[in-house]
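# Structural description and commentary
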Amino acid sequence: MNLYCETAAFARWLYRAMKTFLRIRPAVTLGVVISVTLGRITSLFSFFLPLKVILLASVEGVPGYYQNFMQPDTKLYWIIGLAIASILLYVITLLLDVAAKRLCLIGSRDVMRGANKIAVITNQDIEGQTHYERACKTAANGLFILGGFGLGLLIKADLFLTLLLLVIAQFAFTAVALSGNDTPPIHRLGRFVRESLGSHLKLMSSIIFMVAFIFLLLPFISPSPVQGGHILGAILSIILIRQCLGIADMTLNDAVRLANNRDKINALIFHDAPYDAPEHKNLKTLRSLFQQQERARMVHRELTRKGMTVADLNVHWHDQSPGGLSCFHVRYQETADGPVHHHQLQVFPQEHRRQLLNEEFLFANIPRERLKAPEVIALFEESPFECQICRAGTGTSLTQSEWHERQADILGLYWSIMPPHPLVKGFSASRRLPHDRLGNGLIERLRIAIDTPEEASVLKNFEASLPEITDRLRNIPLYVSNPDLSPGHVIKTEDGDILVMYWGRWSLEPMGASLPGSIKGEQLDAILDEVRTLRPDVSEHFNRKDLLFVQQCLAVEREINAARYKAALQRMKDLIDTPGP
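Residues numbered from 1 in each chain as written. Predicted model: local features only at pLDDT ≥ 70, side-chain atom pairs only at ≥ 80, totals over all residues. Heavy atoms only, no water.

## Re the sheet that holds strand β3 (residues 340-348)
Adjacent strands of a sheet pair through backbone hydrogen bonds, lying either parallel or antiparallel. Taken together, the five strands give an open sheet; going across it, the order is β1-β2-β3-β5-β4, and neighbouring strands pair in antiparallel fashion. A strand with exactly one partner marks an edge of an open sheet, and here the two such strands are β1 (312-318) and β4 (376-382). Averaged over all adjacent pairs, the angle separating strand axes in this sheet is 20°, with direction ignored. As judged from the six bridges shared by β4 and strand β5 (residues 385-391), these two strands associate in the antiparallel manner. Residue pairing in the sheet places Ala378 in a bridge with Ile389 of β5. Together, β3, β4 and β5 form the strand contacts of helix α11 (residues 354-365), whose direction differs from that of β5 by roughly 45°. (Pairing = 2+ DSSP bridges. Helix = DSSP H or I, 4+ residues; strand = E, 2+ residues; numbered from the N terminus. Axes fitted to C-alpha atoms, helices over the stretch in contact; angles between N-to-C directions. Contact = heavy atoms within 4.5 Å.)

In structure tokens, the structure reads:
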């Protein structure tokens, strides 16, 4: 990334955007820029004047820098007047901020109306106002910072010229840190700037502020006479620098947000810019970090760390990945004529890291072997991703026919594993079980869909039966349910067994949840007979009716969560009409 080119391109884009705003709504846009700029100025002096009042009130007589226009007998009136002015300036600052927001609402609507005949994005009015406000504030803040720098040169030229050189040096340092970071390997400094921009800006502004503070302090503590020890000038300088740094930090963050959303904003304000939804940031980063040679290098590094010999390594993209994850098929040999080993590289984006924690908690309570989960060979971080390499048997997924042949055995296997108490306790502490989810809060959503006396009667009857329903649901044995249990995610092993590759989204559900439609009748009875011999909490009276009951309860919940309220009412009626055990 070339920061100089990016900055110049952004400046040209912002100029074009502001030119468009001024063409469509000149008075409103100027009103926003002027309101924001004046608000910054009044905010500056609303901070400065109280300090000036305190200094004036804290000394006997009239300080030397006030004697040209203030007499001792009018000092009290000056103190009262300056205090009132401070309060008025603060109130004016708030009013200007409100005025700017209202003008932004008007201006953004007219700008978007002039560019598009149809809606371009979701929440277009809100997003349009946000981007319009950011662009106008960025321009206004730039004017304020330039004006503040000019005022600083008048107050203390040597200090502000020093700070200007320091800012230029920091910009050059940031440019060097970001240079050459569009393709891996990305060095740590560039990664820090990219991923922690706020922290980087705070660090840079802190350095500037500390340099300014020491510069202003030296005349007052130096043993030899040093020019420049004017206390009011020092106070005004430090407040001006603090205000400018805070506004610069906010402006740079807004500029980055505008630059990241440039395609979307172009579609909102320019006639000649149709909108194409951008690629997700995670996918861009993934593509950058996990190019073919880079991912092979990562896998080779991790395997050799585990003492494995890797002679012929191939790491290929794997289509069969659950939502949010990216997976790669790892194939290697230890020697040229040795057996082929198959692993899987699983890449978890930052927002899905919780899946690794979920797996860790699950397998701390139930061994991987019992759940047919793969062995994890290596766990490592490739920021901002967490990665793990797992054994993958033969590397071949079950076919549809093999899946149908094994589905009943797989279901029986998981039903037969009784979740240990620590697992149930830990899960229920963070997520509600079905008998808790199916409560009055969920049912209350249906009232908007009650249009006939018959529907009102169904809802009333269901509410009356709800305590009995939830109590029965509470007593259904639980099992470890895996929503990613599907043919593409089940790998065959060399000895004919299976490996279920993904477990990050497991949950505890009552038996009967996610029951395959292909398993019915006697096949279900046979599975339950086998499960009863392995689980003491599955009684002799537990049968197919209980499984159907669970299905109906979860179907009610599913329909309500999807806002299919009429369908939910019909499910409720079916559930009430179904005889109990």
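## Observations concerning the side chain of Gln388
With respect to the helices, strands and loops of the structure, Gln388 is situated in strand β5. Of note is the side chain of Gln388, whose polar atom sits 2.8 Å from the side chain of Gln346. A distance of 3.5 Å separates the side chain of Gln388 from the side chain of Glu359, its partner in a polar contact. In this structure Gln388 touches Gln344, Leu345, Gln346, Phe348, Leu356, Glu359, Val376, Ala378 and Leu379, once residues within four positions along its chain are discounted. (Polar contact = N/O pair within 3.5 Å; in protein donor to acceptor, adjacent residues only side chain to side chain.)

## Observations regarding the side chain of His318
Within the secondary structure, His318 sits in strand β1. Apart from residues lying up to four places away in sequence, His318 is in contact with Cys327, Phe328, His329, Gln344, Gly488 and Tyr502.

## Examining helix α6 (residues 197-221)
Its 25 residues place the ends of α6 36 Å apart at the C-alpha level, agreeing with the 36 Å of an ideal helix rising 1.5 Å per residue. When α6 is considered as a whole, its buried residues turn out to be His200, Leu201, Met204, Ser205, Ile208, Phe209, Ala212, Leu216 and Pro219. In this structure, the buried side of α6 is in contact with α4 (124-178), α5 (188-195) and α7 (231-260). (Expected span 1.5 Å × (residues − 1). Buried < 20%, exposed > 50% of the residue type's maximum accessible area, 1.4 Å probe, protein only.)

## Regarding α11
Between the first and last C-alpha of α11 there are 17 Å, a value that for twelve residues agrees with the 16 Å anticipated at 1.5 Å per step. Along α11, the residues that are buried comprise Gln355, Leu356, Glu359, Leu362 and Phe363. Down the axis of α11, the buried side of the element spans an arc of 125°, and every buried residue falls inside it. Across from the buried face of α11, at angles greater than 90 degrees, the exposed residues are Leu357, Glu360 and Ala364. Considering only its buried residues, α11 is in contact with β3, α12 (368-371), β4, β5, α14 (421-430) and β6 (478-481). (Arc of directions from axis to C-beta.)

## Re the pattern of salt bridges
Tallying each qualifying case throughout the model produces 28 salt bridges. Between Lys492 and Glu402 there is a salt bridge, with the nearest N and O atoms lying 3.2 Å from each other. Of this pair, Lys492 sits in strand β7 (residues 490-492) while Glu402 sits in helix α13 (residues 400-415), and the two are 90 residues apart along the sequence. With a relative accessible area of 21%, Lys492 lands in the partly exposed category. Between Lys566 and Asp451 there is a salt bridge, with its nearest N and O atoms 2.7 Å apart. One end of the pair, Lys566, is in helix α20 (residues 565-577); the other, Asp451, is in the loop between α16 (440-443) and α17 (453-474), with 115 residues separating them in the sequence. Under the relative-accessibility criterion, Lys566 is labelled partly exposed at 39%. (Salt bridge = Lys/Arg side-chain N within 4 Å of Asp/Glu carboxyl O.)

## Let's talk about the nonpolar core
Within soluble globular proteins, side chains that are nonpolar tend to cluster in buried spots. Core analysis: the biggest nonpolar cluster contains 59 residues, and Leu362, Trp415, Leu446, Trp503, Met511, Ile560 and Met572 have the highest contact counts within it. Considering each element in turn, this core owes the most residues, seven residues, to helix α19 (residues 544-561). Setting aside anything within four residues of it in sequence, one finds Trp503 in contact with Glu359, Leu362, Phe363, Leu371, Ala373, Tyr414, Val480 and Asn482. Among the nonpolar cores identified, the runner-up in size contains 29 residues, and Leu159, Leu163, Ala234 and Cys244 belong to it. (Core = buried A, V, L, I, M, F, W, Y, C linked by side-chain atoms within 4.5 Å.)

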